[in-house]
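# Structure at a glance
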Amino acid sequence: MTATLGRDVVTALLAANLQLTRGGFTLDVQLTLAPGEVLALLGPNGSGKSTVLDLLAGLATPDTGTVTLDGATLTAPGRLVAPENRAIGLLGQEPLLFPHLSARANVAFALRFGEARLNAAPARVQADRWLDRVGLAGLGSSLPGALSGGQQQRVALARALAAGPRVLLLDEPMAALDAETAPFIRQLIREQLAETGTSAIIVTHDIVDAVVLAHRVAVLHHGTLIDEGTTAAVLAAPQNPFVAALAGVNLVVGTAQNGAVVAPDGRTFRVRPADAAALSPATPGAEAPAPAAAVFRPASVVVHTEQPRHASPRNVWSARVRGIEPGSGGVRLRTSGDPEVIAELTPAAVADLGLQVGSTVWLSVKATDVSAYRR
Amino acid sequence: MIPRLLYLPASIGLALLVLPLAGLLLKVDWAALPALLLSPEALQPLGLSLVTASVSTLLCLLLGVPLAVVIARSKPRAAGLLRALVTVPLVLPPLVGGIALLSLLGRGGVLGNTLELAGLRIPFTTAAVVIAQTFVALPFLVIAVEGALRTAGIRYERVAATLGAGRGTVFARITLPLVGPGLLAGTVLSFARALGEFGATALFAGNQVGVTRTMPLAIYTAFNGSGVTTDQAVALSLLLIAVAVIILVLVGTRRASVLS
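For clarity, every value in this text was computed on a predicted model and none was experimentally measured. (Residues numbered from 1 in each chain as written. Chains lettered and ligands numbered in written order. Predicted model: local features only at pLDDT ≥ 70, side-chain atom pairs only at ≥ 80, totals over all residues. Heavy atoms only, no water.)

Attention now goes to the overall build of chain B. Along its length, chain B carries 13 helices and zero strands. Counting helices and strands in the order they occur from the N terminus, chain B gives α-α-α-α-α-α-α-α-α-α-α-α-α. A buried classification covers 38% of the 260 residues belonging to chain B. Entry remark: accessible area of chain B is about 14,200 Å², with carbon and sulfur atoms responsible for 74%. (Helix = DSSP H or I, 4+ residues; strand = E, 2+ residues; numbered from the N terminus. Buried < 20%, exposed > 50% of the residue type's maximum accessible area, 1.4 Å probe, protein only. Areas by Shrake-Rupley, 256 points an atom, 1.4 Å probe, with all protein chains shown as cover.)

Have a look at this one:
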């Protein structure tokens, strides 16, 4: 899954080399996507993420460069295969459901005119199956205006996948949803991408999207890719302030066991109850440990010099102080382990506790401060 | 929240629009009306008006919708120029339009001479009526549809393209339905304008019974007293008003059923 430029070009499903200058903005990007792979394109606003998607989808033309899909050239100097002939789908922030068509007819549109080219009647039948898959059984006759924002995005996801794209481009698909709805849609996208085996590129500035959805991360800054690799690797060694800000969270990539996340070094992180349920296998004991990730803020980590005793469910472990660095919210304490955990304290607290590099400390995090995701 | 002072001019404005029609109704000789309306002098212009206005409206749709699409999807500067060109006939007095049509297609006109050599004479024919009506009605349709297209934007069309739909499919199944209300409004306006067209028709097509005498020309002729009476003019006017009201009611219910 870790296709990087150069080495795996032969096996790449999608390969793009794009240059574009507009006003003072220059874009120069090379990227590849392996079959079945999900790539997260991270970057701050204005870094050119959406432009990259437009260029891949054929909705914009680069000054120079090429886009090839499965060996076929889609974009090249003097050649631009139209969006409708590319088999590259697009799901954006807004669902953009056709307002005059019912949910069923919206999905049927993709089945009739996408890869499947079904006739009207079978398209309607298949459309209902798709709506079922995204949890909207029985709502096929609803017009988009009668559906909630989350429901509309579910229809939009079903429609985008029903078109049978070779590659699906996701442009911050959770950005317009409220905080309650976003996790469900994110999980749904993860499941559906995996079930359909659809290769995808997701543009986001939310680290959780990358953690949950992507196999690999590429970081776009001022129009160029400045970092690329697995999500954990990119976050462990931030190459620019944007990634550092993203990495301002503690990210534990491990496995789900009994509703908790187990780190590579064996530490067990209990998580908030809502997420613990999602980590538990559908049939207890039947599954191999599933990949999962725990995320918590450095400010949630409490530092003690002696082993603490608490009544509330907490994660407690001991570690050595590896580094003491100035941070945005005070002093950042890097502590040993795989992965390292960062704690954030006030300078006064560091002095009070008499902390220095090499000190042994006890760390604790409330389970309710830890969110978790299946990967 | 309406300032009270506004009610006075609002009432006067409404009266100005409604009272003349009420006055017309008072002038109607209801006893003689059936005979007047069923006379050939009334039915023939009505038939000609309905046929020519329908053909003109169809032409407006066939030519105007593509023109609206081209304008709406052009770059701003080109769109502005095209929009100005389309608007000229709208602000032009129809009489001037008639003279312009004669200058192009009439005897001695640039195209008229060529057509005459080919054995075609357009002025003072039913075709001239249709051309004159289309000339004055087309801008209404183009402007209504173009506005609707710009409001709808291209986002839905782009999504449809990424789903695999070709341009023709997108136009027929996405673009046109999205501008449906604007299209309907433009069609009604065009038909009404074509039905009421007088000035350009009078100059370019003339006033020949059964060939170019549409309702407005018949009313004018009746009012001038050449052959028919003023009563006839009033009766014909009533007929034209009735046709207009019927169209509005039909469109209104159609719209309501589409929305519900």
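Let us keep going from here.
The next subject is the overall build of chain A. Regarding its fold elements, chain A presents ten helices and 21 strands. The C-alpha atoms of chain A give 23 Å as radius of gyration, which agrees with the globular expectation for 375 residues (21 Å, within 12%). Along the longest, intermediate and shortest principal axes, the C-alpha atoms of chain A span 70 × 50 × 35 Å. Counting the 375 residues in chain A, one finds 51% classified as buried. Within chain A, counting contacts between residues at least 6 apart in sequence, those at least 24 apart form 68% of the total. A total of about 16,000 Å² of accessible surface is found on chain A, and carbon and sulfur atoms cover 52% of it. (Rg over C-alpha atoms; globule rule 2.2 N^0.38 Å. Contact = heavy atoms within 4.5 Å.)

All names here are of chain A. The assigned domain composition of chain A is domain 1 (2-237) and domain 2 (248-374). For domain 1 and domain 2, the distance between their C-alpha centroids amounts to 33 Å. Approximately 600 Å² of surface area, both sides summed, lies buried where domain 1 meets domain 2, with 79% of it carried by carbon and sulfur atoms. Summed over the shared surface of domain 1 and domain 2, the result is zero salt bridges. Applying the counting rule to domain 1 against domain 2 returns zero residue pairs in polar contact (both at pLDDT 80 or more). Elements supplying a minimum of two residues to the side of domain 1 that touches domain 2: α5 (182-196), α6 (207-213) and α7 (231-236). Per-element accounting of the side of domain 1 that touches domain 2 gives the leading share, four residues, to α6. Across the side of domain 1 that touches domain 2, the residue classes tally to six nonpolar, one polar and two charged. (Domains from an automatic or database assignment. Buried area = accessible area lost by both parts, 1.4 Å probe. Salt bridge = Lys/Arg side-chain N within 4 Å of Asp/Glu carboxyl O. Polar contact = N/O pair within 3.5 Å; in protein donor to acceptor, adjacent residues only side chain to side chain. Nonpolar A, V, L, I, M, F, W, Y, C, P; charged D, E, K, R; others polar.)

Moving on to the packing of helix α7 (residues 126-152) of chain B against helix α10 (residues 180-196) of chain B. Residue and element names in this part refer to chain B. Between α7 and α10, the least distance of the axes is 8 Å, while the angle of their chain directions is 165°. Taken together, the axes of α7 and α10 lie roughly antiparallel to each other. Crossing of α7 over α10 shows right-handed handedness. Facing α7, whose interface residues are Gln 133, Val 136, Ala 137, Phe 140, Leu 141, Ala 144, Val 145 and Ala 148, α10 presents Gly 182, Leu 183, Gly 186, Thr 187, Leu 189, Ser 190, Arg 193 and Ala 194. Here the contact of α7 with α10 is composed, by residue class, of ten nonpolar, five polar and one charged. (Axes fitted to C-alpha atoms, helices over the stretch in contact; angles between N-to-C directions. Parallel < 35°, antiparallel > 145°, perpendicular 65-115°, else oblique. Left-handed = near helix turned anticlockwise from the far one by under 90°.)

Contact residues are listed per partner, giving 22 residues for chain A and 17 residues for chain B. There are two salt bridges connecting chain A and chain B. Across the salt bridge formed by B:Arg155 and A:Glu94, the nearest N and O atoms sit 3.1 Å from each other. Run the count over chain A and chain B and you get five residue pairs in polar contact (both at pLDDT 80 or more). Counting residues per element, the ones that place at least two in the side of chain A that touches chain B are β7 (88-91), α2 (103-113) and α4 (149-162) of chain A. Looking at the side of chain A that touches chain B, the element that brings in the most residues is α2(A), giving four residues.

Another aspect to go through is the sheet that holds strand β20 (residues 360-366) of chain A. Residues and elements named next belong to chain A. Strand order in this open sheet of five strands is β16-β20-β17-β18-β19, and the pairing throughout is antiparallel. The open sheet terminates on both sides in strands that have one partner only, identified here as β16 (302-304) and β19 (341-345). The mean angle between the axes of side-by-side strands here comes to 45°, regardless of whether they run parallel or antiparallel. (Pairing = 2+ DSSP bridges.)

Buried together is how nonpolar side chains tend to be arranged in soluble globular proteins. Membership of the largest hydrophobic core comes to 64 residues, with the highest contact counts inside it found for A:Phe98, A:Val107, A:Phe109, A:Val155, A:Leu170, A:Ile189 and A:Leu193. Residue contacts for A:Phe109: discarding those within four places in its chain leaves A:Phe98, A:Gly114, B:Ala160, B:Leu163, B:Ala165, B:Arg173 and B:Ile174. (Core = buried A, V, L, I, M, F, W, Y, C linked by side-chain atoms within 4.5 Å.)

What follows deals with the pairing of strand β9 (residues 199-204) of chain A. Residue and element names in this part refer to chain A. For β9, the buried fraction is high: six of the six residues fall into the buried class. Of the two faces of β9, the one lined by Ser 199, Ile 201 and Val 203 and the one lined by Ala 200, Ile 202 and Thr 204 are each fully buried. The pairing of strand β3 (residues 38-42) with β9 spans five bridges and is parallel. Note on β9: the bridge partner recorded for Val 38 is Ala 200. One ladder, built from five bridges, connects strand β8 (residues 167-171) with β9; its direction is parallel. Within β9, the residue paired with Leu 168 across the bridge is Ala 200. Read from β8 through α5 to β9, the crossover connection turns out right-handed. (Right-handed = clockwise from strand over helix to strand, strands pointing away.)

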